[in-house]
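One letter stands for each residue in the lines below.
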Amino acid sequence: MNNTHLQRLEYGKIKEALESHAASYLGRQHIADMKPLTNLKVIRQQLDETAEAKFMLQSGASVPIPSLEGIDHILSLLDTGYVYSEQDFMHMHQFLHSCAQLMKYMRAKAAIAPHVSAYAMAMFELTALKSEIERCIHHGRVTDYASKDLMKVRKRIAAMEERLKGRLAALMSRYSSILQERIFSMRNERYVLPIRKEHRKQVKGTVLDESASGQTVYIEPADIMHLQQELAAYRAEEARIEAKVLSELTAYAEQYAHEIRINVDTVGAYDYLFAKAKYAISIQGSNVQLNEAGRLLLKEARHPLLGSMVPLQFAIGDTYQSLIITGPNTGGKTLALKTVGLLTVMVQSGLLVPVAEGSMFAVFDHIAVDMGDGQSIEHALSTFSAHIRNVIDILQVANHATLVLIDEMASGTDPGEGVGLSIAILEELHRRGATVVATTHFTEIKNFAGTTPGFENARMAFDPDTLQPAYRLVIGEAGQSYAFLIALKLGLPVSIINRSRELTSAESKAIGAAQETGVEATAEDHPDVHEIHVVQDMKQEIQIIHKNLVSHETLEEAISHAVSKPEREATKTPAGSKHIQASNKLQQKQEKQAQMEKEVRYQLGDSVRIPYLGRTGIVCEMEDSKGIVGVLIMKQKCKINKKRLELHVEAKDLYPDNYDLSIVLDTKENRKKRKLMSRKHVEGLMIEIQAED
């Protein structure tokens, strides 16, 4: 599965939380390598084993998992010729001892946890190796019993040290008056006397060291020099024998290299398993049912990274495979989306999840996510471009075994085109058999989901009286955004809210009217006017982006359909009949206006109203043969069918007699040129008029 999509679901945070319950480096390594599985049988086995381990822990048992301290170093040096140190053998002995305890514990728990305890049957106690280490190493030192020669040498060393200490005691009595203190010490593993510096020549011997203050010198008396040399020889012999013992013990341990590795791997698997069990207890995780039919049934599901939330009731895959969630901002739509996605990848990773008994999850080959605005200054990505790139990634893997999660469909671009594109994408995903959960605020998408087989609406519950979201998912009903109520609650002035309602109402009427009669608007070249060709640019962008798609032809047809024909044919869905009824209601009004429109012939300079835009404009071009009139609206030239216009004020009533309309209809620069041309001929002076598209 795509790591980027997993990170959008915060899968990495789950692994971090799980890692805190691991006791060994190998358990943490298993967690770092953990990823969602796609084989139902393997997932079923891991879930059952985790549930068994959880039951063992809840029964009050403390599982003796070895810490594997120092074992990584030992394994890395096995069969390399390296001779282990006394400390290495101490770690090895502790590991073997802990393995024996773990095996004994699992034998006792075989009745209540048969699957978990079975792993211990593959382990080895290695009693012989453990006993040999105990014989040769004790408290980090080679014992006297490791070798007869070592025992003899150490006895000689002990006898020699006694002789030396006797001679040193006699020398200290002889030189007591010049000693800095009445003790002897060692320098470079040789016995010395602390003599005051000014009396150093009174003692025959070798100065081996001097104090930091320079007041004391440490002298090895000549009387004991030969004894010290003998002692050094014995100690060298001791070191040689110890090295031989460690070498032989290392060779003996390497005979069990295979068994040691199996024990280490088993302990790592146990640590990983019980880490999952401990985490399941911490989030109150439960075992679930599995299927490969794309069916999800979540009962009282909770997001594992949140301390508390309203439990989520969720279902998909029976009568519908695409669910469109709507509702207000801050209502919990994105949280519901993340909860479904994250719990699914957790289940496929063998983790128990916080849901009620009887919950069911599907096993998916891919879980594709489009969540977050995805803006990137570094990569020059807008919100819309990021969404399109994510959708392209989704379409490359989408099939019947894919779970698709899309947050805020139709966002980041023109609402009309965004809705059309979103519906085309939903249709394509449905055609491929993918399981889709998406959130949106747009009514058109809700209407599409409500009238299309295989789709279903859902809403996040919201209390309009208290203006508080209930964070409860209600499947089968479309929701509202409650934007005005929420804005009012947050403190936006009432006057702005009221004006917003008026504009929204006017826009709705305009859209209904626009479905009956077409409007052709083009931006002309003008010093203060920007050219707007949104639909054409959108088509070009979509065609360029989809060149890399395997199934680009099918999607391109769908997108083209969505962009060029955003309105569905009325006869294809029940929703179409509603459009027919609405159109019949408007017919009488339009017929009444038709006669008036035929009689009106707009003149240059007339002030006209454009009802569907809620604005006024000035007629800048006379009506053509098709009934199209040029209107200047906020310094932008638009071509609008005369049926869409209403006479506001005639030019004769608006301007004085003989008024120069070029002041209104032409640019200041062109007016200056015309005035100059009227007086004289100027070489090279011209007025360019851009040809219309």
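Residues numbered from 1 in each chain as written. Predicted model: local features only at pLDDT ≥ 70, side-chain atom pairs only at ≥ 80, totals over all residues. Heavy atoms only, no water.

J.: Give me the lowdown on the overall build of the protein, citing residues and values where you can.
T.: Looking only at helices and strands, one finds 23 helices and 21 strands in the protein. Accessible area for the protein stands at about 37100 Å²; split by element, carbon and sulfur atoms hold 50% of it. (Helix = DSSP H or I, 4+ residues; strand = E, 2+ residues; numbered from the N terminus. Areas by Shrake-Rupley, 256 points an atom, 1.4 Å probe, with all protein chains shown as cover.)

J.: Give a description of the environment of glutamate 646 that names residues and reports values.
T.: Along the polypeptide, glutamate 646 turns up in strand S21 (residues 646-649). Through-space distance from the C-alpha of glutamate 646 to that of valine 608 is 5.5 Å; in sequence the pair is 38 residues apart.

J.: So what about the sheet that holds strand S6 (residues 216-221)? Which residues, and what values?
T.: Pairing is antiparallel across the open sheet formed by four strands, whose spatial order is S3-S4-S6-S5. Every other strand in the sheet has two partners, leaving strand S3 (185-187) and strand S5 (205-210) as the edge strands with one partner each. Adjacent strand axes in the sheet meet at a mean angle of 50 degrees, parallel and antiparallel pairs treated alike. In the sheet, S3 pairs with strand S4 (residues 190-196) via three bridges, with the strands oriented antiparallel. In the strand pairing of S4, methionine 186 is matched with tyrosine 191. On top of the sheet, helix H9 (residues 148-174) reaches S4 and S6; it is set at about 10 degrees to S4, its chief contact. Across the sheet, helix H10 (residues 225-254) lies against S3, S4, S5 and S6, angled at about 145 degrees from S4, the strand it touches most. (Pairing = 2+ DSSP bridges. Axes fitted to C-alpha atoms, helices over the stretch in contact; angles between N-to-C directions. Contact = heavy atoms within 4.5 Å.)

J.: Describe helix H13 (residues 383-397), and please don't skip the residues or the numbers.
T.: Here H13 spans 22 Å end to end across 15 residues, near enough to the 21 Å set by a 1.5 Å rise per residue. Counting buried positions along H13 gives 11 out of 15 residues, so the element sits mostly inside the fold. Thr383, Phe384, Ser385, Ala386, His387, Ile388, Asn390, Val391, Ile392, Ile394 and Leu395 are the residues of H13 that are buried. (Expected span 1.5 Å × (residues − 1). Buried < 20%, exposed > 50% of the residue type's maximum accessible area, 1.4 Å probe, protein only.)

J.: Tell me about the packing of aromatic side chains, and name the residues and values.
T.: Going through the model one piece at a time under the given rule, you end up with seven aromatic pairs. On the numbers, 5.8 Å between centres and 90 degrees between planes, the contact of tyrosine 84 with phenylalanine 89 is edge-to-face. Pair check on accessibility: tyrosine 84 and phenylalanine 89 agree, each one buried. Ring geometry for tyrosine 119 and tyrosine 270: centres 5.9 Å apart, planes at 80 degrees, overall edge-to-face. (Phe/Tyr/Trp six-rings, centres within 6.5 Å; stacked < 30°, edge-to-face > 60°.)

J.: Account for the confidence of the model for the protein, with residues named and values stated.
T.: With 82% of its residues at a pLDDT of 70 or more, the protein has an overall mean of 81. When pLDDT is averaged over each element of the protein, strand S11 (residues 360-362) comes out on top at 97 and helix H18 (residues 534-545) at the bottom at 40. Residue range residues 374-380 is modelled with pLDDT below 50. Its contacts to residues more than four positions away, or to other chains, number six contacts. Low confidence marks residues 514-583, where pLDDT is under 50. Its contacts with residues over four positions away, or in another chain, come to 84 contacts. (pLDDT = per-residue confidence, 0-100.)

J.: Before we move on, can you summarise the side chain of threonine 250 with the specific residues and values?
T.: Within the secondary structure, threonine 250 sits in helix H10. Those residues in contact with threonine 250, other than ones at most four positions away along the chain, are Tyr82, Val83, Tyr84 and Phe89.

J.: Tell me about the nonpolar core, residues and numbers included.
T.: Ranked by size, the top nonpolar core spans 68 residues in total, and within it Phe89, Met92, Met106, Val116, Leu129, Tyr270 and Phe274 carry the most contacts. Ranked by the residues each element gives to this core, the list is headed by helix H6 (residues 86-108), at nine residues. Not counting the four nearest positions on each side in its chain, methionine 92 is found in contact with Ile71, Ile74, Tyr84, Leu129, Ile133, Ala253 and Ile260. Counting residues in hydrophobic clusters, the runner-up holds 51 residues, among them Ile31, Ala275, Tyr279 and Val353. (Core = buried A, V, L, I, M, F, W, Y, C linked by side-chain atoms within 4.5 Å.)

J.: Which residues make up the pairing of strand S10 (residues 322-326), and what are the values?
T.: In terms of burial, S10 is a largely internal element, five of the five residues being buried. Side-chain alternation along S10 places Ser322, Ile324 and Thr326 on one buried face and Leu323 and Ile325 on a second face that is also buried. Judged from the five bridges that link them, S10 and strand S15 (residues 455-463) form a sheet pairing that is parallel. Bridge pairing links threonine 326 to arginine 459 in S15. Here four bridges tie S10 to strand S14 (residues 435-439), and the two strands are oriented parallel to one another.

J.: Go over the sheet that holds strand S16 (residues 468-475) with me, naming the residues and quoting the values.
T.: With mixed pairing, the six strands of this open sheet are ordered in space as S12-S13-S14-S10-S15-S16. With partners counted over all chains shown, the strands left at the sheet margins are strand S12 (366-370) and S16, one partner each. Between one strand and the next, the sheet's axes are offset by a mean angle of 15 degrees, whatever the strand orientation. Lying on the sheet, H13 is in contact with S12 and strand S13 (402-406); it crosses S12 at an angle near 165 degrees. Lying over the sheet, helix H15 (residues 443-451) contacts S10 and S15, oriented at roughly 125 degrees with respect to S15.

J.: An account of unusual backbone geometry is needed here, citing residue identities and associated values.
T.: Positive phi values are uncommon outside glycine, yet glutamate 189 reaches one of about 60 degrees. The exposure class assigned to glutamate 189 is exposed, which follows from its relative accessible area of 60%. Non-glycine residue glutamate 300 carries a positive phi angle of around 50 degrees. With respect to the helices, strands and loops of the structure, glutamate 300 is situated in strand S8 (residues 296-301). Given a relative accessible area of 44%, glutamate 300 falls into the partly exposed group.

J.: Please provide a residue-by-residue account of the side chain of glutamate 52, values included.
T.: For glutamate 52, the location among the structural elements is in helix H4 (residues 40-58). Excluding anything up to four places from it in sequence, glutamate 52 contacts Ala113, Pro114, His115 and Val116.

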